[in-house]
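# Tertiary structure, described
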Amino acid sequence: MANNAKGGDGGFIANLGKIYGIYTGGFAGFVIVLAILEQMGVSNQVIGYLFVFLTIGVYALIGYLSRTAEMGEYYVAGRKVPAFYNGMATGSDWMSAASFIGMAGTLYLLGYDGLAFVLGWTGGYLLVSILLAPYLRKFGQYTVPDFLGARYGGNLARFCGVIVLISASFTYVTSQIFGVGIIASRFLGISFEIAVFVGLAGILVCSMLGGMRAVTWTQVAQYIILIIAYLIPVVIMSAKVTGVPIPQLMYGQALEKIAVLEQSMGVVKGHTAVFSNAKGEINLLDAVNFFALILCLMVGTAALPHILMRYFTTPSVREARQSVAWSLFFIFLLYFTAPAYAAFGKLEVYQNVIGTPIANLPAWVQSWGEIGLVGTCDAADAATRYVMCKGVVGNGDGILQLNEFRIASDAIVLATPEIAGLPYVVAGLVAAGGLAAALSTADGLLLAIANALSHDVYYRMIDPHAPTKRRLIISRALLIVVAIAAAWVASTKPSTILAMVAWAFSIAASGLFPALVMGIWWKRTSNTGAIAGMVAGYGVCVYYLVMTQFYGMPLWFGIKNISCGLFGIPAAFIVTYVVSLMTTAPTKEMQDFIDSIRVPKGGVKLASADDAISH
Amino acid sequence: MSDLSPEKAKAYWARTSGLMWTMLGIWFFFGFAVHFFAPQLNTIKIIGFPLGFYMAAQGSLIAFVVSLFWFASKQNAIDEEFGVAEDE
């Protein structure tokens, strides 16, 4: 196996705490230096450049230092990533630009209903840990399709897995690169199209030379930056508003004040109101959609290959389980803070923006209005000056009413430093954090796609006798090709693609989850049954998405198409079950294989020698 | 199963499955069941938070994290009891 560590490697693993401790201290020092420079009069533009290029430079350096020519290192980081650090890497792998920048704004706009995302994007880790990760780790090969191939008799099942993986991951990676482009263009003052390719370079230097090994250690570094950047503005905001710098506890006060203000302004659907429609009544269909979305996001989490493959990298089955717990802990730190951002943002808007004469609005409203993320739509010609005001008719009384105020979901996190009156260096820090979140997720997704193509399609299906050297060259070439394709798609600002991102969860949930879970937990699952189930689940989900989105098909039972997994998941389970019972049971060798991956200790007894891994 | 007798292997898997179902119960309770009652829970206020909102924004998340650490140690105890934990 790939455990034959190279010389300096053991020392690196043993000193991880020290290395990342120094790194964190260095980053803090860097932020302080920039703060001093700002006070000395260095321009915002220069500070933005320093943030973007220095952080990308550090990631690139880590990527370069982690270069490798060994298969085990390239595909699974040598299987020596300790549970704690794999948890951090998974955290940044998981939290995308949407989580970092968009989630708090979604909660601001949707109130309670937005919490479906908070629940759905955390609870799925329970499924990962109890149903899948430890067994996939024991199986011990390189990719998720590897498991499907070994369990379900070869290349057809493997190929189905690859199709689902690419469908779920490609739109997702496109939106990450789009996010990188948005942040880089805003803080560097360059055009979006150029910014996309700057981001692309940042992604490739992290992953190309060292594969999974490089991505792992940059993701840990990116997690540290993104969590610091996320917490600092809202902690200061909380201290300012409530006197206590613990936003997660103190936003209860903000919620109380919001409720009072809502009443005085005549808001019918309150921030904390549950499943309520525009009239403020409880709406059953909203409730059903709320729970359907939670289910699809959770099951989808447990089936997304770029997350599952992170648990291939731990030293043992035991550490794989611990690592899922650490992952969720690190993700939790951000997700339980997001609602605080939303509450403090809303309080600021209700207290200091709504009901204020246009001339006296706070400065942040003006500055974010200029770049189109905020709209003050009182004046009759507001729609010509603010993109956000399209379709809003103001009464022109010179005072901003609630229905004349528009804010984009991205603005909440980005504007908080300014709302709290913090220096520009904090805004730069937030940008660096958003960049880290987008880059780390893009890295993980790109690697998942490129590995599926190079390992599963090229090596397993096309040329099983390819020498190591050629396999590595192919892997890297495919990584570049996929990255450029994704960047090209992102640079065209495709609105349909971006709307499709949330579909990834339902697609993975319908196409992969049943086959993976039943392969481990139900020995009777036959090859034909699993393949039929994958086709059925994926087919139902994609059919529903495409028909409702593009061909005007009415919704089934009023379920929004983002939750198409609600139909796809049961379809896949039922078809797998019925077809398995109709076809011959798996062989004795296959049953022994399943037994061997259910137990942490001992070897894995592959049913077919062709499935053995070679280095 | 390397050195487990068929009976022991069966007992091991029964215990592991039992823990799996317990965890799925916790998952369902905190992921879904609690929130069915969000409208009722929201009438209770704790340090400013309506309880229904709090459970979806924080309470369930804390339960998820804690239960995962508990699961990791519990499954490890089962592995050691049956002598199938990996030696390091």
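Reading guide: rules and limits
Residues numbered from 1 in each chain as written. Chains lettered and ligands numbered in written order. Predicted model: local features only at pLDDT ≥ 70, side-chain atom pairs only at ≥ 80, totals over all residues. Heavy atoms only, no water. Helix = DSSP H or I, 4+ residues; strand = E, 2+ residues; numbered from the N terminus. Rg over C-alpha atoms; globule rule 2.2 N^0.38 Å. Buried < 20%, exposed > 50% of the residue type's maximum accessible area, 1.4 Å probe, protein only. Contact = heavy atoms within 4.5 Å. Lys, Arg positive; Asp, Glu negative; His and termini not counted. Charge placed at Lys NZ, Arg CZ, Asp CG, Glu CD. Disulfide = S-S within 2.5 Å. Buried area = accessible area lost by both parts, 1.4 Å probe. Salt bridge = Lys/Arg side-chain N within 4 Å of Asp/Glu carboxyl O. Polar contact = N/O pair within 3.5 Å; in protein donor to acceptor, adjacent residues only side chain to side chain. Nonpolar A, V, L, I, M, F, W, Y, C, P; charged D, E, K, R; others polar. Expected span 1.5 Å × (residues − 1). Bend = angle between axes of the 7 residues up to and from the residue. Patch = residues over 30% accessible without salt bridge, like charges linked within 9 Å, V, L, I, M, F, W, Y side chains within 5 Å. Areas by Shrake-Rupley, 256 points an atom, 1.4 Å probe, with all protein chains shown as cover. Axes fitted to C-alpha atoms, helices over the stretch in contact; angles between N-to-C directions. Parallel < 35°, antiparallel > 145°, perpendicular 65-115°, else oblique. Left-handed = near helix turned anticlockwise from the far one by under 90°. 1 Å grid on protein atoms, 1.4 Å probe; cavity = no way out; pocket = protein on both sides within 12 Å on 5 of 7 lines; lining within 4 Å. Points joined across faces, edges and corners; volume = space filled by probe spheres on them. Phe/Tyr/Trp six-rings, centres within 6.5 Å; stacked < 30°, edge-to-face > 60°. Domains from an automatic or database assignment.

### Looking at the overall build of chain B
Helices and strands together make up the secondary structure of chain B, namely 3 helices and 2 strands. Its C-alpha atoms give chain B a radius of gyration of 18 Å, clearly above 12 Å, the size a compact globule of 88 residues would have. Dimensions along the principal axes, computed over C-alpha positions, put chain B at roughly 55 × 25 × 10 Å. Taking all 88 residues of chain B together, the buried fraction comes to 53%. Counting contacts in chain B only where the partners sit at least 6 residues apart, residues at least 24 apart contribute 63% of the total. Across chain B, 5 positive and 8 negative side-chain charges occur, with their mean positions spaced 16 Å apart.

### A few points about helix H23 (residues 503-511) of chain A
H23 of chain A sits mainly inside the fold: 9 of its 9 residues count as buried. For H23 of chain A, every residue scored as buried is listed here: Trp-503, Ala-504, Phe-505, Ser-506, Ile-507, Ala-508, Ala-509, Ser-510 and Gly-511 of chain A.

### Topic: the state of the cysteines
Residue and element names in this part refer to chain A. The tally for this structure, following the rule as stated, stands at 2 disulfides over all chains. Linked covalently through their sulfurs, Cys-377 and Cys-389 form a disulfide whose S-S length is 2.1 Å. Residues Cys-377 and Cys-389 are joined through a disulfide that is left-handed, its torsion about the S-S bond being -80°. Taken together, the residues span a long stretch of sequence, with Cys-377 in the loop between strand E1 (374-376) and helix H18 (382-385) and Cys-389 in the loop between H18 and strand E2 (405-407) at a distance of 12 residues. With respect to class, Cys-377 is no different from Cys-389; both count as buried. With a sulfur-sulfur separation of 2.2 Å, Cys-541 is cross-linked through a disulfide to Cys-564.

### Remarks on the interface of chain A and chain B
By a widely used convention, the size of an interface equals the accessible area lost when the partners come together. Counting residues at the interface gives 52 residues for chain A, matched by 48 residues for chain B. Both faces combined, the contact of chain A with chain B buries some 4600 Å², and carbon together with sulfur accounts for 73% of it. Its largest share of buried area at the contact with chain B, chain A owes to Leu-126, Arg-318 and Lys-601 of chain A, together 15% of the area lost on that side. Our count for the chain A to chain B interface comes out at 1 salt bridge. Viewed at the interface, chain B and chain A are joined by 7 residue pairs in polar contact (both at pLDDT 80 or more). Looking at the side of chain A that touches chain B, the elements that each hand over two or more residues are helix H7 (115-139), helix H12 (247-265), helix H13 (284-301), helix H15 (317-335) and helix H27 (588-598) of chain A. For the side of chain A that touches chain B, the class distribution of residues is 33 nonpolar, 11 polar and 8 charged.

### A word on helix H1 (residues 6-36) of chain B
Over its 31 residues, H1 of chain B runs 43 Å from end to end, which matches the ideal 45 Å to within 8%, given 1.5 Å per residue. The principal kink in H1 of chain B, of about 40°, is found at Phe-29 of chain B.

### Thoughts on a nonpolar patch on the surface
Taken together, the side chains of Ile-246 and Leu-249 of chain A together with Ile-44, Ile-46 and Ile-47 of chain B present a nonpolar region at the surface, about 440 Å² in accessible area. By the element assignment, Ile-44 of chain B lies in the loop between helix H2 (38-41) and strand E1 (45-46). Exposure remark for Ile-44 of chain B: the relative accessible area of 42% places this residue in the partly exposed category.

### Some remarks on the packing of helix H10 (residues 192-207) of chain A against helix H21 (residues 468-491) of chain A
All names here are of chain A. The contact between H10 and H21 brings their axes to 10 Å, and the two run at 155°. In terms of orientation, H10 lies roughly antiparallel with respect to H21. Note that H10 runs across H21; the crossing there is right-handed. Contacts between H10 and H21 involve Phe-192, Glu-193, Val-196, Phe-197, Leu-200, Leu-204 and Ser-207 from the first element and Leu-479, Ile-480, Ala-483, Ile-484, Ala-487, Trp-488, Ala-490 and Ser-491 from the second. Each residue belonging to the contact of H10 with H21 can be placed in one class, and the counts come to 12 nonpolar, 2 polar and 1 charged.

### Digging into the pattern of salt bridges
Side-chain pairs of opposite charge can arise whenever the charged atoms involved come near each other. Residues and elements named next belong to chain A. Evaluation of the coordinates by the stated rule reveals 12 salt bridges over all chains. Among the ionic pairs, Arg-385 bridges to Asp-381, the shortest N-O distance being 3.4 Å. Through salt bridges that share partners, Asp-146, Arg-158, Asp-456 and Arg-460 make up one connected network.

### Re empty space enclosed by the protein
Residue and element names in this part refer to chain A. Enumeration according to the criterion identifies 3 cavities of 30 Å³ or more in this entry. In this structure, the largest cavity spans a volume of roughly 50 Å³. The wall of the largest cavity is formed by Tyr-142, Thr-143, Val-144, Pro-145, Leu-165, Pro-305, Met-309, Ala-448, Asn-451 and Ala-452. Counting residues per element, the ones that place at least two in the lining of the largest cavity are helix H8 (144-151) and helix H20 (424-462).

### Structural notes on the packing of aromatic side chains
What the rule picks out here adds up to 54 aromatic pairs over all chains. Ring geometry for Tyr-112 of chain A against Phe-275 of chain A: centres 5.7 Å apart, planes inclined by 85°, an arrangement best described as edge-to-face. Pair noted here: Tyr-112 of chain A is in the loop between helix H6 (97-110) and H7 and Phe-275 of chain A is in the loop between H12 and H13, with a separation of 163 residues, a long-range link. Of the two residues, Tyr-112 of chain A and Phe-275 of chain A, neither departs from the other in class, the shared state being buried. Relative to Trp-13 of chain B, the ring of Trp-521 of chain A has its centre 4.8 Å away and its plane inclined at 35°; by these criteria the two rings are tilted. Of this pair, Trp-521 of chain A sits in helix H24 (residues 513-521) while Trp-13 of chain B sits in helix H1, each in a different chain. Taken together, Phe-12, Tyr-20, Tyr-23, Phe-84, Tyr-85, Trp-217, Tyr-223, Trp-326, Phe-329 and Phe-330 of chain A together with Phe-69 of chain B form an aromatic cluster joined through their ring pairs.

### Some words on the domain arrangement of chain A
Residue and element names in this part refer to chain A. Along its sequence, chain A is organised into domain 1 (9-343 + 423-502) and domain 2 (344-412). For domain 1 and domain 2, the distance between their C-alpha centres works out to 31 Å. On the side of domain 2, 17 residues touch domain 1, which itself brings 28 residues to the contact. Of the roughly 1800 Å² buried where domain 1 meets domain 2, counting both sides, 74% is carbon and sulfur surface.

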